[in-house]
Structures are given as structure tokens and as C-alpha cells.
Amino acid sequence: VVRRRLLQRYEHQPFISCLAGFYSCRWKRYQRERTEPGKCCCSMRECMFFPLLVAAFCFSLVFLYTWGEGKNDYNGFDWYNYGNLGFWFLWSLVILIVAAVLFAYISLLLVLAMCLLAEGQQLYLHWSHKIGTFLVLAFSISSLFALSILWRDHRKTVRLSFQVTAPYLHIGAIAIMVLLAWPVALHAIRADKKVTQVIIVGPYLAILLFLFLIPLGMYSPCIREMGTLGPKPALIGHRGAPMLAPENTEMSFLKTIEHGGDGLETDVAISYDGVPFLMHDDTLRRTTNIQEVYPNDTGKAASFFSWDALQKLNAGTWFLKNKPFVGMGSLSKADQNQAMNQSIYTLSSFLRLADSHNKLVIFDLYRPPEKHPYRNLWVRKILDVILKESKIKRHLVLWLHNGVRSFVQSVAPGFQHTMGRKAPIEDLLKHNIVKLNLVYTDMSSEDIR
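This one's a predicted model, so the numbers in the text were calculated from it and none came from an experiment.

Engineer: Go over the nonpolar core, please, and point to the residues and values.
Structural biologist: Counting residues in each nonpolar core, the largest one holds 32 residues, and the members touching the most others are Phe350, Leu351, Phe363 and Ile386. Counting residues per element, the ones that place at least two in this core are helix H8 (250-258), strand E2 (263-270), helix H13 (347-356), strand E4 (360-365), helix H14 (378-390) and strand E5 (397-399). A per-element tally of this core places H14 first, with six residues. Phe350 has contacts with Phe253, Leu264, Thr266, Leu278, Tyr345, Val361 and Phe363, leaving out every residue within four places of it along the chain. Counting 29 residues, the second-largest nonpolar core is a separate cluster that includes Leu64, Leu109, Leu117 and Val136.

Quick look at the structure:
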């Protein structure tokens, strides 16, 4: 019997050696110490550092969740960096990968610590892991602080996400508490003082009770009685389908139509010789090959190019090269070839395409810069294209621009006038507003109903 016990103990040592080796870099058996009954599981210094390890785990988890749930706004974040740095890069994906790696690292350290405690081993975190813990803690806290300052709307997104993820987070938290039950009970039994036992068991039971009571406060607006759900909202392709095709190109709008979109959204600028065309940026650097065709004019405003010059640019190769969205799927060979042959699209062609498929259109209008020949005639030029060239059915046009709304209502009745901000019902009725175009974070559950 004694021999069998010694053999079992000997066979168990490699497991403990791995735990202590990865956690403490103490691979030798003589370097480790067991926790005697009634004694603390680690030195005073380690006891003071362990809460920092737990805090690093919590903050890294919060940041990873916060950033992971912000995927709808990744493009906005990358666009913000593009405006400041001058070149396009998927910084959002880099931050997501870094956050995931740091969280996995801290989680591993915490799991190793729990396993060592369950085996009755004293904790001693190696100095390199302590530096790593401080770095993770500092990165997570500073990142959360930066998000709260620079991206305040993101908090609304996180709160909305709990309506979907709360049940899964709750089940995960209970699973973690179940796994911690054995180490907590073991150390409570080993404690030789009642006060120590209360200090160990008390917080554990308090957290467990809190988790069991959480479902009483859960609410989801998605759970509704039959017949109380409002109409399905219209699905409008923002610059077309920019995850499937180059934005603001014919291919992008065709992809939106192919996937059943109710409408198309775009951005309208005017060339130097008066041709309204589709372009979101002030310059042509991001979405064309201007660097190859006009290398000396990369910083020139898009509106200062003639239409003949714009037609020489390719508006699709950048999409295959840069892959502007996180999570983009790979394109088929046919789609790749189609994307490579996209050019800058005119407003007239865009409207004809929408009219032929009976799709709503909405667009942001960009007034030409100073010294542009159409700076004071831009609205008339755009209305001429809508009413005379394309002859799109007027009820398909959602007019968003607010500066000349009265003039547009007088010369082009029949448009569905749309506002991009909240306003009292009286003001909406006064200006004949029939639709609102709002950022989803600006709408409460009551607004959506």
C-alpha cells in the first residue's frame, strides 16, 4: 500500500512541475513548497500581488468584450485613424488581436494559480509574469479610458449588446464559480481560524448569491407579445455593399440589390466640369489608383478633377489590395475580376440603376470647395440630374440635405424628405419630414417602437 501511494505521488509530480514551471519558473521539485494546513498559501508579497492578477484578468476581459462588441463601428475607428495618419490600415483588427492575446495570457496565469492552490502548492509568480501582468493591466485600463473619452457612443453599443449576450455571460460566470468551488472549499477547511474561513468563503458565497439573483433583473425588448412588433425597417446599403464590393461603384450597388436591399445610399460630389459623381472622401487616395495615374495630384480635392480625368482612374483594385473591413470573406474569381474593372460612378447612372430596380435612394451631398465653378450652382446641377437626366420616380428619392430643403420642396415636389437628427413632432410636420435617418446608438427602444 505504501509503495502504491509513493508511486502515485511520484507519477503526480510531473503535473505539478508543469504548473509550477509555467507559473513560477520553478521546475525542480526542491524549489517548490507545499502549503501546510492552517498556513497562508503564499508570502505577504504574493498575497498583495494576487489581487492585481485578478484585476488584470477582469479589466482585460472587459476591454476584450467591449472592443469585440464594437465590430459595427470598426470601420469608423479605422476611418478616424485614416484621417489622422493619412494611410489606410485595419487598426481595429490589430487591437482586437492584441486584446485577445493579452486576455489569454492573463487567463492562463490565473488558471495555473488556481491549479497550484488546488494542489496545495505555495504561489510564487515569476518576476517576468509580474511585469506582464502590470503591462496587461495598464493597457486595458488606458484603452478603456481612451474609449470612454474618444468614443463615447460605444458605451451605448455595449449596453445594447447585453440584451443578447447577458444569458451566455451569466452561464459562463456560474461555470467559473463552480470550478472555483473545490479550491475555495479546500483552503477553507485547511484554515485553522474561523475568521480566515469566513474571509475565504464569505466573498465566494456573496458572488454566487449575486449570480443566482441576476436573472430576476434581466429584460430583453426582443421578447414581445404576438402582434406588438412594429414593421420591419428598410435595409439600405451604405455605399452599396462595401464588404462585398468596392464602395460607391456599380458592383457594390448591384450586390445590395442582389441581397434584397430596400434602398441604396451614396455620397455625391461634382467634378470641375459639372458632372455629379460618387465619392465619399475629399481626395481620391483611398479608393482609386490615383498614385499610379496622377502621382503629383494625390492630395488634390476630388472635385477639382474633370470628368475625363476621373474616368481614367480605377475604383476597384484598392478593395482587393487593402481589404477595408474586418471579417471580409474571400471573393470568387468572377467577383475579383469584376471588382478590378470598376470605375468611378456617376450620379445619373446610379439613379437609373435604382429606378430600374425600384429601390429607394438617399445621399450625402458635398458642396464643391471655394474657387470651384459650380460652388454656388451645385444644388441646381444635382436636381437637373435627378429630374431631367435620370428621371427617377420621385417617391424613391429620400432627400436628406437640410440646407436647401424649402427650395427643393418648391421645385421638386414628391421627394420623401428625411432628417438626420431627432426633432419634435411639430418641427417634423412643419417641414414635411416623413422619415428619420438616425445612427442606431441615438435610438432608444421606445424610439424604435
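Engineer: Account for a nonpolar patch on the surface, naming residues and giving values.
Structural biologist: There is a patch of nonpolar side chains on the surface, built from Leu85, Phe87, Phe89, Val94 and Val98 and spanning about 400 Å² of accessible area. Residue position: Val94 is located in helix H4 (residues 91-118).

Engineer: Any details on the packing of H8 against helix H12 (residues 333-340)? Residues and values, ideally.
Structural biologist: The geometry of H8 relative to H12 is characterised by a closest axis approach of 9 Å and an angle of 140° between their N-to-C directions. Taken together, the axis directions place H8 and H12 in an arrangement best described as oblique. Of the residues in H12, those touching H8 at Met251, Leu254 and Lys255 are Asp335, Gln338 and Ala339. Residue classes in the contact of H8 with H12 are distributed as three nonpolar, one polar and two charged.

Engineer: Could you give me a rundown of unusual backbone geometry, with the residues and numbers involved?
Structural biologist: In this model, Asn358 sits at a positive phi of 55°, which is unusual for a non-glycine residue. Structurally, the position occupied by Asn358 is in the loop between H13 and E4. Even without a glycine there, the phi angle at Lys371 is positive, about 70°. Here Lys371 shows up in the loop between E4 and H14.

Engineer: Can you tell me about the pairing of E4, naming the residues and giving the values?
Structural biologist: Of all six residues making up E4, five are buried, and the element is well covered by its neighbours. As defined by bridge partners, E2 adjoins E4 across six bridges and the pair is classed as parallel. Its bridge partner being in E4, Asp267 is matched across the sheet by Asp364. Across two bridges, the pairing between E4 and E5 is parallel.

Engineer: Which residues make up the UniProt feature "transmembrane region" (unreviewed entry) in the protein chain, and what values go with them?
Structural biologist: In this structure's numbering, the residues bearing the UniProt feature "transmembrane region" (unreviewed entry) are residues 49-68, 88-119, 131-151, 166-186 and 198-219. In residues 49-68, the share of helix is 100% and the share of strand is 0%. The end C-alpha atoms are 28 Å apart. Here residues 88-119 is 88% helix and 0% strand, with 51 Å between the C-alpha atoms at its ends.

Engineer: Please set out the pattern of salt bridges residue by residue, giving values where relevant.
Structural biologist: Applying the stated criterion across every chain, the model contains eight salt bridges. Of the charged contacts, one joins Glu258 and Lys255 as a salt bridge, the two residues approaching to 3.9 Å between their closest N and O atoms. With Glu258 and Lys255 both in helix H8 and three residues apart, the pair spans about one turn of that helix. Overall, Glu258 belongs to the exposed group, its relative accessible area being 55%. Its salt-bridge partner being Lys393, residue Asp355 comes within 2.8 Å of it at the nearest N-O pair. Here Asp355, found in helix H13, pairs with Lys393, found in the loop between H14 and E5; they are 38 residues apart in sequence, far enough to count as distant.

Rules and cut-offs
Residues numbered from 1 in each chain as written. Predicted model: local features only at pLDDT ≥ 70, side-chain atom pairs only at ≥ 80, totals over all residues. Heavy atoms only, no water. Core = buried A, V, L, I, M, F, W, Y, C linked by side-chain atoms within 4.5 Å. Buried < 20%, exposed > 50% of the residue type's maximum accessible area, 1.4 Å probe, protein only. Helix = DSSP H or I, 4+ residues; strand = E, 2+ residues; numbered from the N terminus. Contact = heavy atoms within 4.5 Å. Patch = residues over 30% accessible without salt bridge, like charges linked within 9 Å, V, L, I, M, F, W, Y side chains within 5 Å. Areas by Shrake-Rupley, 256 points an atom, 1.4 Å probe, with all protein chains shown as cover. Salt bridge = Lys/Arg side-chain N within 4 Å of Asp/Glu carboxyl O. Axes fitted to C-alpha atoms, helices over the stretch in contact; angles between N-to-C directions. Parallel < 35°, antiparallel > 145°, perpendicular 65-115°, else oblique. Nonpolar A, V, L, I, M, F, W, Y, C, P; charged D, E, K, R; others polar. Pairing = 2+ DSSP bridges. UniProt positions renumbered as here; feature names shortened; annotations may be inferred.

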